[in-house]
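An overview of the molecular structure
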Amino acid sequence: MKFRVDVNIMPHKALLDPQGKAVCHNMPNVGITGVSEVRIGKHIQMILEATDEEDARQKADESCRKILVNPITESYEFSIYPI
Amino acid sequence: MKFGVVVFPGSNCDEDMVYVLKNILGQQVVKLWHKDHNLQGVDMIVLPGGFSYGDYLRSGAIAKFSPIMNEVTEFAKKGGYVLGVCNGFQILCEAQLLPGTLIHNTSHRFICKNQFIVADNNVSPINASIPLDRVLNIPIAHGEGCYYADVETIKEIEDNAQVLFRYCNPEGHITEDANPNGSVNNIAGVTNIHRNVFGMMPHPERAADEELGNTDGRLIFESLLNHMMANV
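Rules of the game
Residues numbered from 1 in each chain as written. Chains lettered and ligands numbered in written order. Predicted model: local features only at pLDDT ≥ 70, side-chain atom pairs only at ≥ 80, totals over all residues. Heavy atoms only, no water. Helix = DSSP H or I, 4+ residues; strand = E, 2+ residues; numbered from the N terminus. Rg over C-alpha atoms; globule rule 2.2 N^0.38 Å. Buried < 20%, exposed > 50% of the residue type's maximum accessible area, 1.4 Å probe, protein only. Contact = heavy atoms within 4.5 Å. Areas by Shrake-Rupley, 256 points an atom, 1.4 Å probe, with all protein chains shown as cover. 1 Å grid on protein atoms, 1.4 Å probe; cavity = no way out; pocket = protein on both sides within 12 Å on 5 of 7 lines; lining within 4 Å. Points joined across faces, edges and corners; volume = space filled by probe spheres on them. Buried area = accessible area lost by both parts, 1.4 Å probe. Salt bridge = Lys/Arg side-chain N within 4 Å of Asp/Glu carboxyl O. Polar contact = N/O pair within 3.5 Å; in protein donor to acceptor, adjacent residues only side chain to side chain. Nonpolar A, V, L, I, M, F, W, Y, C, P; charged D, E, K, R; others polar. Patch = residues over 30% accessible without salt bridge, like charges linked within 9 Å, V, L, I, M, F, W, Y side chains within 5 Å. Pairing = 2+ DSSP bridges. Axes fitted to C-alpha atoms, helices over the stretch in contact; angles between N-to-C directions. UniProt positions renumbered as here; feature names shortened; annotations may be inferred.

Some remarks on the overall build of chain B
The secondary structure content of chain B amounts to five helices and 11 strands. Scaling as 2.2 N^0.38, a compact globule of 232 residues should have a C-alpha radius of gyration of about 17 Å, and chain B matches this with 16 Å. Dimensions along the principal axes, computed over C-alpha positions, put chain B at roughly 45 × 35 × 35 Å. Split into buried and exposed, the 232 residues of chain B put 60% on the buried side. Considering only residue pairs separated by 6 or more positions, chain B has 76% of its internal contacts joining residues 24 or more positions apart. As displayed, chain B offers around 9,400 Å² of accessible surface, 49% of which is attributable to carbon and sulfur atoms.

Observations regarding the layout of surface pockets
Put simply, the largest pocket is a space of about 490 Å³. Together, 26 residues line the largest pocket, and A:Pro11, A:Lys42, A:Glu74, B:Ile103 and B:His104 are the ones closest to its centre. Listed by contribution, the elements that provide at least two residues to the lining of the largest pocket are strand E1 (2-11) and helix H1 (18-26) of chain A together with helix H3 (87-94) and strand E5 (101-103) of chain B. In this structure, the second largest pocket spans a volume of roughly 300 Å³. Taken together, 16 residues line the second largest pocket, and the ones lying closest to its centre are B:Lys64, B:Phe65, B:Glu94, B:Ala95 and B:Gln96.

Topic: the side chain of B:Ser66
Residue and element names in this part refer to chain B. As for its placement among the helices and strands, Ser 66 is situated in the loop between strand E3 (44-47) and helix H2 (68-77). Classification of Ser 66 by relative accessible area gives buried; the value is 3%. Excluding anything up to four places from it in sequence, Ser 66 contacts Phe 8, His 34 and Tyr 53.

A word on the interface of chain B and chain A
Contacts between the two partners involve 15 residues from chain B, matched on the other side by 15 residues from chain A. Summed over the three residues of chain B that lose the most area to chain A, namely B:Leu57, B:Arg58 and B:Tyr148, the buried surface amounts to 44% of that side. Run the count over chain B and chain A and you get one salt bridge. Between A:Glu74 and B:Arg58 there is a salt bridge, and its shortest N-O distance comes to 3.8 Å. At the boundary of chain B with chain A, the tally comes to five residue pairs in polar contact (both at pLDDT 80 or more). Its residues assigned to classes, the side of chain B that touches chain A shows seven nonpolar, five polar and three charged.

Looking at unusual backbone geometry
Residue and element names in this part refer to chain B. For Asp 55, which is not a glycine, the phi torsion comes out positive at approximately 60°. Counting through the fold element by element, Asp 55 comes out in the loop between E3 and H2. If you check the backbone angles, His 108 has positive phi at about 60° while not being a glycine. Its location among the elements puts His 108 in the loop between E5 and strand E6 (111-119). Given the relative accessible area of 32%, His 108 is considered partly exposed.

Let's talk about a nonpolar patch on the surface
Judged by side-chain polarity, A:Val30, A:Ile32 and A:Val35 come together as a nonpolar surface patch covering roughly 240 Å² of accessible area. Tracing the chain through its elements places A:Ile32 in the loop between H1 and strand E2 (42-49).

Comments concerning the sheet that holds strand E4 (residues 81-85) of chain B
Residue and element names in this part refer to chain B. Strand order in the open sheet formed by nine strands is E2-E1-E3-E4-E11-E10-E9-E6-E7, with mixed pairing between adjacent strands. Looking at which strands have only one partner, the edges of the open sheet turn out to be strand E2 (28-33) and strand E7 (136-142). Here the strands of the sheet are splayed against their neighbours by 25° on average, with no regard to which way each runs. The pairing of strand E1 (residues 2-7) with E3 spans three bridges and is parallel. Counterpart to Val 5 in the pairing with E3 is Val 46. The strands touched by helix H4 (residues 151-159) are strand E9 (163-167) and strand E10 (187-191); relative to E10, the strand with the most contacts, the crossing angle is about 70°. Running over the sheet, helix H5 (residues 216-230) touches E1, E3, E4, E6, E7, E9 and strand E11 (197-200) and is turned about 100° from E7.

Points about the environment of A:Pro71
Position of A:Pro71 among the secondary structure elements: in the loop between helix H2 (53-68) and strand E3 (74-82). Residues A:Pro71 and A:His12, 59 residues apart in the sequence, show an inter-C-alpha distance of 8.9 Å.

Here we look at the UniProt feature "active site" (unreviewed entry) in chain B
All names here are of chain B. Residues given the UniProt feature "active site" (unreviewed entry) here are Cys 86, His 203 and Glu 205. Judged by maximum C-alpha separation, these annotated positions cover 120 residues in sequence but sit close together in space, the widest gap being only 11.0 Å. Tracing the backbone shows His 203 in the loop between E11 and H5. By relative accessible area, His 203 is classed as buried at 1%. Leave out the neighbours within four places in its chain, and His 203 touches Cys 13, Gly 49, Val 85, Cys 86, Ile 138, Pro 139 and Ala 141. Among the polar contacts made by the side chain of His 203, one reaches the side chain of Glu 205 at a distance of 2.7 Å. On the basis of relative accessibility, which here comes to 3%, the residue Glu 205 falls in the buried class. Residue contacts for Glu 205: discarding those within four places in its chain leaves Cys 13, Asp 16, Met 17, Val 20, Val 85 and Phe 221.

What follows is the structure, encoded as structure tokens:
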């Protein structure tokens, strides 16, 4: 079975996110007010072959732990969709 | 001494490193392609600066899976000396051979300039021969050089004197203004608990040739060599 995995990776809350901060500070310049925080992470999409959803979940989690995410600075979550 | 400089796809400071080790310091040097498995009997491995694998995903995140990294890890675990400069430092952190990691500079800009650093202590081979009041002027050139680790790790490496160098002002004072990239406590380089793996963002190989008008970086290589020669 084929699955699509959508991974969201975010910098830890304790970490300063200079990119998000710069975007947040510039929101009023485009006429958008009331935005108090912007944090920028990564969205990764993977297509993978797995026997079932649980197998896909394990593969996705292993991918995150081994390469996609650096646990020192980032946290992650993912969703799985059969395709 | 025999040095092995690892070349990854995207390394761009390998030639400078080879030149300094061979022509300035008179050492034997071999280049080690990242797909090699043979370390050719080197005494020390150097991971040079550059943009291995285009810095994709995170700096050093893909290079850590290069075939030669198995041998580098094994070599380091047996006590072999490994030095990573700039991208090499990032790779060593990703490979968990060094504590912490390097993230985007707080300015979110690539910084290329001369930067003052000072040895934090004299207990590691790479800083053992450098007087603590000797301010070194060493070039930095990085976008992701902000050293980060959690509070517990920072306390641990500071208590164990694993911080090698810190960013400072021309007088040697470690101030916030002298911190170019937002690194925690101005940390510019660290070592592992066994003091045989060294990582630093500044480029000592860019300040070792008299032709370039600055030889402060030579003190760092000489400190390493002094220690290695004494322990042959």
